[in-house]
Structure formats: C-alpha cells, structure tokens
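Residue-level listing of the chains:
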Amino acid sequence: MSPSPALQLQEVHKSFGPTPIIRGVTLDVVAGERHAVIGPNGAGKSTLFNIVSGRFPPTRGTVRLKGTDITGQPPFEINRRGLSRSFQVTNIFPRLSVHENVRCSVLWSLRYRYSLWHRVDRLRDVEDRTERILAQINLSARQDVPAGVLTYAEQRALEIGITIAGGADVILLDEPTAGMSHSETEYAVELIRGLSGGKTLVIVEHDMGVVFNLADRISVLVYGEIIATDTPDRIRANRAVQDAYLGTEHH
Amino acid sequence: MMDGRPSAAVSVPLAGVAARRGRRAWPWLLAAAGLCVLPLVPGLDSNFVRSLVSQMGIAAVFALSFNMLLGQTGLLSFGHAVYFGLGGYVAIHGMRLINAGLPIPIPLVPLFGAAGGLFFGVLIGSVTTKRAGTVFAMITLGLGELVVAASLMLTRFFGGEEGITANRTRAPHLFGLTFASQLEVYYLIAFWAFLSVALMSAFTRTPLGRMCNAVRDNPERAEFVGYNPQRVRLLAFAVSAMFAGVAGGLHAVNYEIVAAEALGAARSGAVLLMAFVGGIGSFFGPILGAMVITWLQVSLSDYTTAWQLYFGILFIIIVLFAPGGLAWLIALHLPLARARMLHTVLPGYLAALAPALVMVLGGSLLLEINYRLATKPELGTRMSLFWVAMDVSRPWPWIAGLAMLAGGFYAFRRSWALVAAGWHAASERMREDGAP
Ligand SMILES: Nc1ncnc2c1ncn2[C@@H]1O[C@H](COP(=O)(O)OP(=O)(O)OP(=O)(O)O)[C@@H](O)[C@H]1O
Ligand SMILES: [Mg+2]
C-alpha cells in the first residue's frame, strides 16, 4: 500500500451564503511533491487554502492531512499537525520586531507552548532557528526593526519566513511572489525550492514562469472546480486548460 | 562550546542578541536599595511618607497587572478592580482565620490575595476572554457591575457596606515582627511590590508573555503558527488577576479592612487612569502613573472635594496630547539628555510653565466656586479659595478667574513657539554632532 497523501481533499464544497465558490474539489497532493494551483482571479484558490488551513470549514466534503481527517478543525490544531500557510495579503505582527515575528512561529514547534518558565531570549534552539530563518529570507540586517515599517517586498519575505519557521512539513504558499520585482522573484523561487526539500509544497501562483519552473504537478482551478491535474508539460498541452485559462498566454 | 574563532557571520547575530537582551541588573538593585533606605532617610521618615509609599506600591502592582492585559495583550478591562477586591476579600478572610488561630505569619497573607485573584481570574476569565476587542470590554463592564451587586447581597462573605475587618497584629510573630508599626507594614508591602514587579517584568520575556503581544497585534496570524488566541488571553487574564489579587491582599494588610469599594467601578476607573497617565506602551509607565495618581489622590483630596473632576480633566489631556503617557514624554527627552542638550529645550518649557500655571489657577478657581455653590449652597457665597477670602456674589472673583484662564491660555499658546524653537535647535545640533 502506498503511503497516504500529504493532503487529500474529497468532494470539498464551499458556499458563501447562496453563492457556491468551491464546487466539488477532489485532490491528492503526494508527500514530497511541489504542487502548483493555478487559475483565473476569483477561481477560489485562496478559498481552497482557507479551507485546508482551517480558516473556515467547508460546507461539505472532507480534508485529510497525512491521513488524518482535519475537516473543520481550528487553524492552530492543523498547524500543530504540521501544516503551515502564508497569506496572499501580508499577515504579520506589525508592532513586533522582525526577529520576534519569526520567533513567534518557532516557539510552539520547539514545544515551548504557553511556557511561563523559560526566558525566551535565552533559548539557544529558538535563537538558532530564528537566526537561520532570518538569514534565509535575507532579513538578518533588519531583524530589530518593527515589521510594520518594512518595505512591501521585505514584508513578503517575512511572510514566507513566518510560514516556514515552524518547520511544518506541508506548506501552502498563497502567491508568495505577488508584487515582487524580477530579481526578488528569482531569489524567492530559489528560497522556496531550497526549503521544500523533503517537504510537501502547495503554491498558488500567477507567474507562469515560476509555476513551470518550480512545480512537479499543476492543478488548474476554474470557477471552483479542478479541470485538470497533471505534470507541467501535459498541462501546457491540455486543450481544456488552454481554452479555459492558458489561452491568452499559450504560444 | 565554540571552537575559538567566531566568524563575522556568527558574531553579528550574537551582537544583535546582546542588544536585544540589553537588560541590566543595576536599576533593579538600585530600586531595591532605595526601597530599603527610603523610610529611614531623615525628612522622609514619617508615617505619612511610609503610608504614601505603601499605597504607591500597592497601586503600582495593580496598575502593572492591568497593563498586562491592556498594553501587552490588547484587552481593555473596565472591571479590573474585581480581582483586586476579591483578592483583598480572600486575604482579609485569611487574616481572620489567622486571628482565630491559623498558624500562618502575616507576611504570607498576600498569597491569599494571589490565590483569590487567580481563582476568580480563571473562573471569570474563561467567560470574558472568549472574545477580544469591544465585546471583551463590554463583558468586563457588565461583570464588574454584577460582582458589585453580588457583594452587597452576599453579606456573610463581603460584609455589606461596612466590609470585613481583621487584625494584623494578632498572628504568629515571625522574627519578632508584630506589624503594629507602619514601618514594618511598609517593608512588607515594599517586599511584595518589588517581587511582583520583578515577576511581571519576567513574564514579559516568557514564551507566553511574547505571544500575548503577538495575539494583541494579530490574533489570526497567531492561530496559524500554532497558538490558540483564546487560550493566550485566558492565561494572561489569569496571571493578571493573580497580581491584582496580590495588590488586593496588600491592601487588606495595610488597612485591615476590605469593603465593597475595593472592587467597585471607581477603582477600576482609577487603575485605567494610572495606566494611561503613566503610559501603556512601556512596561514601567504604569508604575509612574500609579505613583503620580496616588500622590495626587492623597494630596488633592486634602484640598478639594472636586478632585475626581481634576482627574477627569487630566485623563482627557493625557489621552489627547500625550497618548503615550509620562513614560513617552520621558522617552522623548532621553536622547536629549544623553547628548547633554536638555538645556536647549528648558527655557521654552519654563516660558510655557508660567502661563500654564496661571491658566490652571484661573480654571480651578472657577471650578471650585461652582462646585462649592452647587454642592454646599447652604454655606452661602463667602468662601476662601487658594487662601484668599472672597464673596462670589460679587463679580470680581469670576472676572479674575476668567481673566487668568483666558490670559494664561493666550500666553501659553504663544509660548509654544519657544518650545518648538528649543526642540528645533536641539535636533539641529544633534544632527550635526551625529554626522560623521
Ligand atoms: N469570506 C468570504 N465571504 C464571501 N465571499 C468570499 C469570501 N472569500 C472569498 N470570497 C469570494 O470567493 C471568490 C473566490 O475568492 P478567492 O479569493 O478564493 O479567489 P482566488 O482564486 O484566490 O483569486 P485571486 O487570484 O484574485 O487571489 C471571490 O468571488 C470572492 O469574492
Ligand atoms: Mg487568492
């Protein structure tokens, strides 16, 4: 028997009021793969991430993480089971320093939880991991600055840093490179490629260069339905995908 | 551990750690030494000063516990005196048990307060901390009223209007301490206040303490890094209530009585005032606020019955013009002090101070006249204010008050230019000095 997929969505539906947004998504993400989700604006990509990460429950259907049913669980439970996500709209702790932003995400995973017995700035393991993440996202020099005053690109980098700092093995990134310059995007892609070794990555991305460069498999979400899941080459060649989505960009 | 040669890549982040740690022991040692010798210093060795500083210590613990919620966790409580009062009641009942023969020395009574505060903090907090923001504030307001109402009904525990009394001298005497003198009580309060402040300061550097800030800033994101914001809030609430209970326990030892006012809305309002006046953005701000407000409470209430009115005005002025409180004002001047440039801004301040005093004098003259006429009409129109006898049926006192208020305000506004000029000069000089 093959190991259970990292993520398994079965017939997931989501409606906001009477409006169906996710209309029956069934998807397996294999452990260790880099999986891209693409689709036009408003297709429901972020909504799908919100369901998987516990921001809100699906109207119908089940979500499994590494074999365990996590449907409707709160975000912190899902995070503790090893899933971490980033946000399309930067979602950081603006008044805390950059260093502290990353550290917040390290604490639970190193089992310090709600501890009242540790001095947080004397924890070697916390400090080490925080410094390492800061170096990875190129923010070591800015670590004592309040996160709220970072530039947009720096905040996007921090967003990724917070997401990966907890050491989760399933990582969802929602448009991590949106708004970045060309060189910043290149750096971010290398960072993502580097950190995803041994981890499962699901990434929503509009930049097709990034998608075809990074992804092992691609799912195409259109109007709340996945119309195709396949390797990059075959997605490029897929008629339905071309018609529905890639049409304008195809060459 | 390290093999001799730290590379630049290692030493740079470590330097950052050192900067972030940057906490020294000497201010604490200095404070401890100061508390020890203060009541013995000639001139300050009166029971009045000892009692005043004791009250300041109690207020400081209470205000810091309040700011653990507001400043650190982002929870505005309108009913924080509930935990002060309930802690105080548990402590006073503990003292009664001691009076009846329970073999516990008086210095441990604040622990009763801590236990009481913690117990009710967990009990009530498990309801209130389900939500943050406005809903939380509203619930604390309602619960505050509820507890006050309950205290008037459950007279066996709360003692009704008169409250519950106990005797701190009828207890096992540890090291010969009888607590019959204000000096011994002072040392008891100073010890517990110092310990509480140190523990609350340590709390800010624990994983839980840091996550309180994270939940204050962005509870949603905290959920996605593994933390349950409701749990963080509840724990902060419980710890905060525990320290409020310690303050209540000290209050019980100090006064040997706890009555319904200990948990009432006025005290909840006062602690909010202390925190804001001192500054909710810094750890030590509320201590400053507690000291200033306690001092004003004690001294103003000797001179005027309208002191709460002045507190209201002070509160509005602080919130409008110095939202960071006294701590912020001090922090503003620290760079100047370090650069030895305070003298550049001082003339402006002095120029502003004189008209400000005239303005305040005029304003309070008008206030006092009105207050006296409204609250004690039977005493007639002759009165003595600011050591001057006057008859307010004549126009002159009113004209004098108005003239001082308006003239003072006018001159005060004009003096701002001088203050601004002083600051301008100082920052110019600092920029020049700072340039390489
Ligand atoms: N909380 C919500 N309440 C109501 N409608 C919502 C909510 N969240 C998303 N929607 C709607 O669901 C649809 C899908 O939104 P979603 O953000 O998932 O799209 P997306 O594929 O991520 O688009 P984009 O590429 O622009 O980010 C949109 O029409 C959006 O308005
Ligand atoms: Mg989206």
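Residues numbered from 1 in each chain as written. Chains lettered and ligands numbered in written order. Predicted model: local features only at pLDDT ≥ 70, side-chain atom pairs only at ≥ 80, totals over all residues. Heavy atoms only, no water.

A.B. asks: Help me understand the overall build of chain B, please; the structure alone is not making it clear to me.
C.D. replies: When helices and strands are counted, chain B shows 17 helices and four strands. For chain B, the C-alpha atoms occupy an extent of roughly 70 × 70 × 50 Å along the three principal directions. The buried share of chain B, reckoned over its 436 residues, is 45%. Nonlocal contacts in chain B, meaning residues at least 24 apart in sequence, comprise 74% of its contacts between residues at least 6 apart. Within the structure as shown, chain B displays about 21,500 Å² of accessible surface, and the carbon and sulfur contribution to it stands at 71%. Between the centroid of the 29 positive side chains of chain B and the centroid of its 18 negative side chains there is a distance of 7 Å. (Helix = DSSP H or I, 4+ residues; strand = E, 2+ residues; numbered from the N terminus. Buried < 20%, exposed > 50% of the residue type's maximum accessible area, 1.4 Å probe, protein only. Contact = heavy atoms within 4.5 Å. Areas by Shrake-Rupley, 256 points an atom, 1.4 Å probe, with all protein chains shown as cover. Lys, Arg positive; Asp, Glu negative; His and termini not counted. Charge placed at Lys NZ, Arg CZ, Asp CG, Glu CD.)

A.B. asks: How should I be thinking about the coordination of the magnesium ion (ligand 2) in this particular structure?
C.D. replies: Geometry reference: four tetrahedral donors at a metal, ideal angle 109.5 degrees. Six octahedral donors, ideal angles 90 or 180 degrees. Residue and element names in this part refer to chain A. Taken together, Ser46 (OG) and Gln88 (OE1) make up the full set of protein donors to the magnesium ion (ligand 2), lying 2.0 Å away. In this pair, Ser46 is assigned in helix H1 (residues 45-53) and Gln88 in the loop between strand S6 (83-85) and helix H3 (98-107), connecting sequence segments 42 residues apart. By relative accessible area, Ser46 is classed as partly exposed at 22%. (Donors = N, O, S within 2.8 Å, 3.2 Å for Na, K, Ca; no water.)

A.B. asks: Can you help me understand the interface of chain A and chain B in this one?
C.D. replies: Frequently, the measure chosen for interface size is the accessible area that the parts lose on association. Counting residues at the interface gives 41 residues for chain A and 32 residues for chain B. Carbon and sulfur atoms make up 56% of the area that chain A and chain B hide from each other, which totals about 3,300 Å². Looking at the side of chain A facing chain B, the largest losses of area belong to Phe76, Phe93 and Tyr114 of chain A, adding up to 20% of the total buried there. At the junction of chain A with chain B, the criterion picks out three salt bridges. (Buried area = accessible area lost by both parts, 1.4 Å probe. Salt bridge = Lys/Arg side-chain N within 4 Å of Asp/Glu carboxyl O.)

A.B. asks: Sorry, what's going on with helix H4 (residues 81-99) of chain B here?
C.D. replies: Every α-helical turn comprises 3.6 residues, leaving residues that sit three or four positions apart pointing alike. The end-to-end C-alpha distance of H4 of chain B is 26 Å, a good match for the 27 Å that 19 residues give at a rise of 1.5 Å each. Among the 19 residues that make up H4 of chain B, 15 are buried, leaving the element largely enclosed by the rest of the structure. (Expected span 1.5 Å × (residues − 1).)

A.B. asks: Which parts of the structure should I look at to understand the packing of H4 of chain B against helix H5 (residues 109-128) of chain B?
C.D. replies: Relative placement of two packed helices is described by the angle separating their axes and the distance separating the axes. All names here are of chain B. Viewed as axis vectors pointing N to C, H4 and H5 meet at an angle of 135°, and their least axial separation amounts to 7 Å. The angle between H4 and H5 falls in the class oblique. The hand of the H4/H5 crossing is right-handed. Facing H4, whose interface residues are Val82, Tyr83, Leu86, Gly87, Val90, Ala91, Gly94, Met95 and Ile98, H5 presents Val109, Phe112, Gly113, Gly116, Gly117, Phe120, Gly121 and Ile124. Across the contact of H4 with H5, the residue classes tally to eleven nonpolar, six polar and no charged. (Axes fitted to C-alpha atoms, helices over the stretch in contact; angles between N-to-C directions. Parallel < 35°, antiparallel > 145°, perpendicular 65-115°, else oblique. Left-handed = near helix turned anticlockwise from the far one by under 90°. Nonpolar A, V, L, I, M, F, W, Y, C, P; charged D, E, K, R; others polar.)

A.B. asks: What am I meant to see in a nonpolar patch on the surface here?
C.D. replies: Together, Leu309, Ile313, Ile316, Ile317, Leu320 and Phe321 of chain B make up a nonpolar patch on the protein surface, roughly 590 Å² of accessible area in all. Structurally, the position occupied by Ile317 of chain B is in helix H14 (residues 307-321). (Patch = residues over 30% accessible without salt bridge, like charges linked within 9 Å, V, L, I, M, F, W, Y side chains within 5 Å.)

A.B. asks: Could you clarify how one ought to interpret the sheet that holds strand S5 (residues 68-69) of chain A in this entry?
C.D. replies: Within a beta sheet, neighbouring strands are joined by backbone hydrogen bonds and run either parallel or antiparallel to one another. All names here are of chain A. An order of S2-S1-S4-S5 is seen for the four strands of this open sheet, with the pairing classed as antiparallel. Strands at the two margins of the open sheet, each flanked by one partner only, are strand S2 (19-29) and S5. In the sheet, strand S1 (residues 7-16) pairs with strand S4 (residues 60-65) via five bridges, with the strands oriented antiparallel. Paired with Leu9 across the bridge in S4 is Val63. (Pairing = 2+ DSSP bridges.)

A.B. asks: Would you explain the domain arrangement of chain B in this entry?
C.D. replies: Residue and element names in this part refer to chain B. Annotation of chain B at the domain level lists domain 1 (26-326) and domain 2 (339-433). The straight-line distance from the C-alpha centre of domain 1 to that of domain 2 is 33 Å. With six residues of domain 1 in contact, the opposing surface of domain 2 contributes four residues. Buried area between domain 1 and domain 2, summed over both chains or domains, comes out near 510 Å², and the portion from carbon and sulfur atoms is 65%. When the buried surface of domain 1 facing domain 2 is broken down by residue, Thr305, Leu309 and Tyr310 rank first, second and third, together holding 65% of it. Viewed at the interface, domain 2 and domain 1 are joined by zero salt bridges. Counting the contacts that link domain 1 with domain 2 gives one residue pair in polar contact (both at pLDDT 80 or more). (Domains from an automatic or database assignment. Polar contact = N/O pair within 3.5 Å; in protein donor to acceptor, adjacent residues only side chain to side chain.)

A.B. asks: Got a minute to help me understand the side chain of Gln155 of chain A in this structure?
C.D. replies: On the secondary structure map, Gln155 of chain A appears in helix H5 (residues 152-165). A relative accessible area of 15% places Gln155 of chain A in the buried class.

A.B. asks: I keep staring at a positive patch on the surface and nothing clicks. Help me out?
C.D. replies: A surface patch of positive charge is lined by Arg80, Arg111 and Arg113 of chain A together with Arg231 of chain B. Structurally, Arg80 of chain A can be placed in helix H2 (residues 75-80). The class for Arg80 of chain A is partly exposed, based on a relative accessible area of 30%.

A.B. asks: Would you mind going over the pairing of S4 of chain A with me for this structure?
C.D. replies: Each regular strand displays side chains that alternate between the two surfaces of the sheet. All names here are of chain A. Note that S4 and S5 share two bridges and pair antiparallel. Among the inter-strand pairings, Arg64 is bridged to a residue of S5, identified as Asp69. Hairpin remark: S4 followed by S5, antiparallel, with two residues in the connecting loop; positive phi at Lys66, about 50°.

A.B. asks: Explanation requested: the site of ligand 1 in the structure shown.
C.D. replies: All names here are of chain A. Around ligand 1, the surrounding shell holds 13 residues, and the nearest of these are Gly42, Lys45, Ser46, Thr47 and Gln88. Here Ser46 contributes a side-chain N or O atom positioned 2.8 Å from an oxygen atom of ligand 1. For ligand 1, an oxygen atom lies 2.9 Å from a polar atom in the side chain of Gln88. Per-element tally for the shell around ligand 1: the top contributor is H1, with three residues. Taken together, the residues of the shell around ligand 1 sort by class into four nonpolar, seven polar and two charged. (Near = heavy atom within 4 Å.)

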